[in-house]
Amino acid sequence: GAGVSQTPSNKVTEKGKYVELRCDPISGHTALYWYRQSLGQGPEFLIYFQGTGAADDSGLPNDRFFAVRPEGSVSTLKIQRTERGDSAVYLCASSLVSGAEQYFGPGTRLTVT
Amino acid sequence: DQQVKQNSPSLSVQEGRISILNCDYTNSMFDYFLWYKKYPAEGPTFLISISSIKDKNEDGRFTVFLNKSAKHLSLHIVPSQPGDSAVYFCAASVEGSNYKLTFGKGTLLTVNP
């Protein structure tokens, strides 16, 4: 079956602009996660959804970052007033239930110029 | 402060020999550990895991060893194959928050034919 998909695969934006990154989880997976991987680092947890609700958003770096999952499937990570330090690969993962094996998408590479 | 440390950025081994990847952690609350493998332009894929109640878990060519007193785990791959060449991430989680994975920086394994 289809894995986790993320669009776009690459996004270049100017400092100060708004961006949206989309994640399509594996069908039937109730849990969805966003991670950020900066250059030379491992993935860093941002937020976790159980169904439609954000169960833990403790990893979001500041209030410029926001994520939604309105119907409990597709999720969008939104970044306002982008900064050069936001440049990273944003990874989405999903799992059948919370705590189960996480399946990762290929990521969106965000570059802020 | 890195709670999960992979101190070797890279490792090169000969095909057929053993690969040993190491990981140290500082948070004594971690009780579940995972290894992920990542190819370029792909998301990490789950490889093997171990609970803190065990000291060894084996799956085919892959074995993970956990030394809780030393806060150290290792992944053994034997025999190593060229297709094993990838970045390997060690990750850990805490019971009750097992959806939130804390990753190390990764080790690039190169298996030479």
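Refer to the preceding data block for the structure.
Now for a quick tour of the structure. Starting afresh in each chain, residues are numbered from 1 along the sequence in its written order. Chain letters start at A and ligand numbers start at 1, both assigned in the order the entries are written. Local features in this predicted model are restricted to residues of pLDDT 70 or higher, and side-chain atom pairs are both shown and tallied only at a pLDDT of 80 or more, whereas totals for entire chains, interfaces and linings draw on every residue. Neither water nor hydrogens contribute to the side-chain values; these are computed over all heavy atoms in the structure.

In this section: a nonpolar patch on the surface. On the surface, Ile18, Ile20 and Val78 of chain B cluster together into a nonpolar patch covering about 230 Å² of accessible area. You can see Val78 of chain B is positioned in the loop between strand E8 (72-77) and strand E9 (86-94). Any residue with relative accessible area above 30% and no salt bridge may belong to a patch, with like charges joined within 9 Å and the nonpolar Val, Leu, Ile, Met, Phe, Trp and Tyr side chains within 5 Å. Computed by Shrake-Rupley with a 1.4 Å probe, the accessible areas treat only the displayed protein chains as cover when residues are assessed. Salt bridge criterion: a side-chain nitrogen from Lys or Arg within 4 Å of a carboxyl oxygen from Asp or Glu. A run of H or I in DSSP becomes a helix once it reaches four residues, and a run of E becomes a strand once it reaches two; helices and strands are each numbered from the N terminus.

Further remarks concern the pairing of E8 of chain B. All names here are of chain B. Between buried and exposed lies partly exposed: a residue is buried under 20% and exposed over 50% of the maximum accessible area for its type, with that area taken using a 1.4 Å probe on protein chains only. With respect to burial, E8 is a largely interior element, five of its six residues being buried. Judged from the six bridges that link them, strand E3 (residues 19-25) and E8 form a sheet pairing that is antiparallel. Looking at the pairing, Ser19 lines up with Ile77 of E8. Here strand E7 (residues 62-67) runs beside E8; their pairing, made up of six bridges, is antiparallel. Directly across from Val64, in E8, lies its bridge partner Leu75. Once E7 ends, the chain turns through four residues before running back antiparallel as E8, passing Lys71 with a positive phi of about 50 degrees. Being paired, for any two strands, means DSSP has found at least two bridges between them.

Turning our attention to the interface of chain A and chain B. When the parts of a complex come together, some accessible area is lost, and that lost area is often taken as the interface size. Residues are treated as being in contact if the distance between any of their heavy atoms lies within 4.5 Å. Every contact between the two is made by 19 residues of chain A and, on the other side, 16 residues of chain B. Joining two parts hides part of their accessible area as seen by a 1.4 Å probe, and the buried area is that hidden amount summed over both. Considering only the side of chain A, the residues that lose the most area to chain B are Pro43, Gln102 and Phe104 of chain A, jointly responsible for 28% of the buried surface there. Linking chain A with chain B are one salt bridge. Across the salt bridge formed by Asp56 of chain A and Lys100 of chain B, the nearest N and O atoms sit 3.6 Å from each other. Pairing of N or O atoms within 3.5 Å defines a polar contact, subject to two protein rules: one partner must be a possible hydrogen donor and the other a possible acceptor, and residues neighboring in sequence count only if both atoms are side-chain atoms. Between the two partners, chain A and chain B, sit six residue pairs in polar contact (both at pLDDT 80 or more). Those elements that provide at least two residues to the side of chain A that touches chain B are strand E4 (31-37) and strand E5 (44-50) of chain A. Sort the elements by how many residues they give to the side of chain A that touches chain B and E4 of chain A lands first, with three residues.

Residue and element names in this part refer to chain B. Strand order in the open sheet made by the five strands is E1-E3-E8-E7-E6, with antiparallel pairing throughout. Edge positions in the open sheet fall to strand E1 (4-5) and strand E6 (56-59), since each of these has one partner strand only. As paired strands, E1 and E3 are joined by two bridges and run antiparallel to one another. Residue Val4 lies in a different strand from E3, and its bridge partner there is Tyr25.

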